[in-house]
Amino acid sequence: MKMAFCFQHVPFEGPGIFFPCLEKRGFKIQKFLVPSEGLPVNIPDLLLIMGGPMSVNDPDPWIAQELEYIRRAIDVAIPVLGVCLGSQFIAKALGGEVRPGPQLEIGPSPITLTVEEDTDPVFGTFPPTLEVIQWHSESLTLPPGAILLASSEHFPVQAFRYGERAYGLLFHLELERVGIEDLCRKCSNDVQKAGTSTEALLNSAAKVLPQSHELADRLIAHLTKK
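Definitions and cut-offs
Residues numbered from 1 in each chain as written. Predicted model: local features only at pLDDT ≥ 70, side-chain atom pairs only at ≥ 80, totals over all residues. Heavy atoms only, no water. Helix = DSSP H or I, 4+ residues; strand = E, 2+ residues; numbered from the N terminus. Rg over C-alpha atoms; globule rule 2.2 N^0.38 Å. Buried < 20%, exposed > 50% of the residue type's maximum accessible area, 1.4 Å probe, protein only. Areas by Shrake-Rupley, 256 points an atom, 1.4 Å probe, with all protein chains shown as cover. Lys, Arg positive; Asp, Glu negative; His and termini not counted. Charge placed at Lys NZ, Arg CZ, Asp CG, Glu CD. Arc of directions from axis to C-beta. Contact = heavy atoms within 4.5 Å. Polar contact = N/O pair within 3.5 Å; in protein donor to acceptor, adjacent residues only side chain to side chain. Core = buried A, V, L, I, M, F, W, Y, C linked by side-chain atoms within 4.5 Å. Salt bridge = Lys/Arg side-chain N within 4 Å of Asp/Glu carboxyl O. Pairing = 2+ DSSP bridges. Axes fitted to C-alpha atoms, helices over the stretch in contact; angles between N-to-C directions.

Caption draft 1: Local environment of the overall build of the protein. The number of helices and strands found in the protein is eight helices and nine strands. Relative to a compact globule of 226 residues, whose C-alpha radius of gyration would be 17 Å, the protein shows 16 Å and is just as compact. Expressed as lengths along the three principal axes of its C-alpha atoms, the size of the protein is roughly 45 × 40 × 35 Å. The proportion of buried residues among the 226 residues of the protein is 54%. Of the roughly 9900 Å² that the protein leaves accessible, carbon and sulfur atoms contribute 51%. Averaging the locations of the 19 positively and 27 negatively charged side chains of the protein gives two centres separated by 5 Å.

Right under this line is the structure:
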């Protein structure tokens, strides 16, 4: 059985729908709460890097260690998928920058794809414009050598690919309803700053989740194919 490692940075931001997408393709998933549990020594068959309220620019020693681990994983060309903070980890590990964004972005919002099918085998099959769930305030720059996959009005880099199998998504395809509830509960200050409510976020997200989960499955299918 193949092994996928899932790096979490807080307990309430886990793999979500990615978990069953990997399980049905024969992967065992091992989770690591990196700030408190540290990093594994070995490199898995696939690496997921999830979100969190901290910044990759924070001085905590575990952040530098995780950046180095991600560089190693990409160097050996295993599939790597980073979401939100995870995408910022990948970007910084590859020489990009992470900086404060123009605004706090929470809930469904549109992104525009910047690739065709012959440019990216996954995002080239997505609709040209789609609504995705956001929860972030920092932005990132495209790492050297990476391909821009999606953009939005306020955040020019919403998704990118490096090499054949390293993807960074600033948005959340993996979130399920319970994950949104957890975010609203644990990050209630963000909800207030955004001028919205848990009920409004859940109602708007319900319209987006089915397509997001379909796209998540399509992405995992690509990353796990032989």
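Caption draft 2: Region of the structure containing helix α7 (residues 198–206). Listing the buried residues of α7 in full gives L201, L202 and A205. Down the axis, α7 shows its buried residues gathered within 95° of arc, on one side only. Where the residues of α7 are buried, they touch β5 (98–113), β6 (129–140), α5 (177–186), α6 (188–193) and α8 (209–224).

Caption draft 3: Broad picture of the side chain of H213. Within the secondary structure layout, H213 lies in helix α8. In terms of polar contacts, H213 uses its side chain to reach the backbone carbonyl oxygen of L175, at 2.8 Å. Sequence-distant contacts of H213, defined by excluding residues within four places in its chain, comprise I17, L173, E174, L175 and E176.

Caption draft 4: Structural detail: unusual backbone geometry. Within the chain, A77 stands out as a residue other than glycine whose phi angle is a positive 65°. Relative to the assigned elements, A77 resides in the loop between α3 (61–75) and β4 (80–83). Judged by relative accessible area, which is 46%, A77 ranks as partly exposed. Phi is positive for C84, which is not a glycine, with a value near 60°. Counting through the fold element by element, C84 comes out in the loop between β4 and α4 (85–93).

Caption draft 5: Region of interest: the nonpolar core. Counting residues in each nonpolar core, the largest one holds 34 residues, and the members touching the most others are L81 and F123. Of all the elements, α8 adds the most residues to this core, at five residues. Apart from the residues within four sequence positions on either side, L81 is in contact with F18, L47, L48, I49, I90, Y167, L169, L219, I220 and L223.

Caption draft 6: How the structure looks around the pattern of salt bridges. Counted by the stated rule, this structure contains eight salt bridges. As a salt-bridge pair, E68 and R71 come within 3.1 Å of each other at their nearest N and O atoms. Of the two residues, E68 and R71 both sit in helix α3, three residues apart, roughly one turn of that helix. Taking relative accessible area as the criterion, E68 reaches 41% and is therefore assigned partly exposed. Assessed through its relative accessible area of 31%, R71 is described here as partly exposed. The partner of R99 in a salt bridge is E97, and the shortest N-O contact between them spans 2.2 Å.

Caption draft 7: Layout of the sheet that holds β4. Strand order in this open sheet of nine strands is β2-β1-β3-β4-β9-β8-β7-β5-β6, and the pairing throughout is mixed. The sheet is open, and its two borders are formed by β2 (27–33) and β6, each paired with just one other strand. The mean angle between the axes of side-by-side strands here comes to 20°, regardless of whether they run parallel or antiparallel. Both β4 and strand β9 (residues 166–169) contribute to a ladder of four bridges, which runs parallel. Bridge pairing in β9 places L81 opposite Y167. Relative to the sheet, α4 contacts β3 (46–49), β4, β5, β6, β8 (159–162) and β9, its axis offset from that of β4 by approximately 125°. Seen against the sheet, α8 touches β2, β3, β4, β6 and β9 and runs at an angle of roughly 75° to β6.

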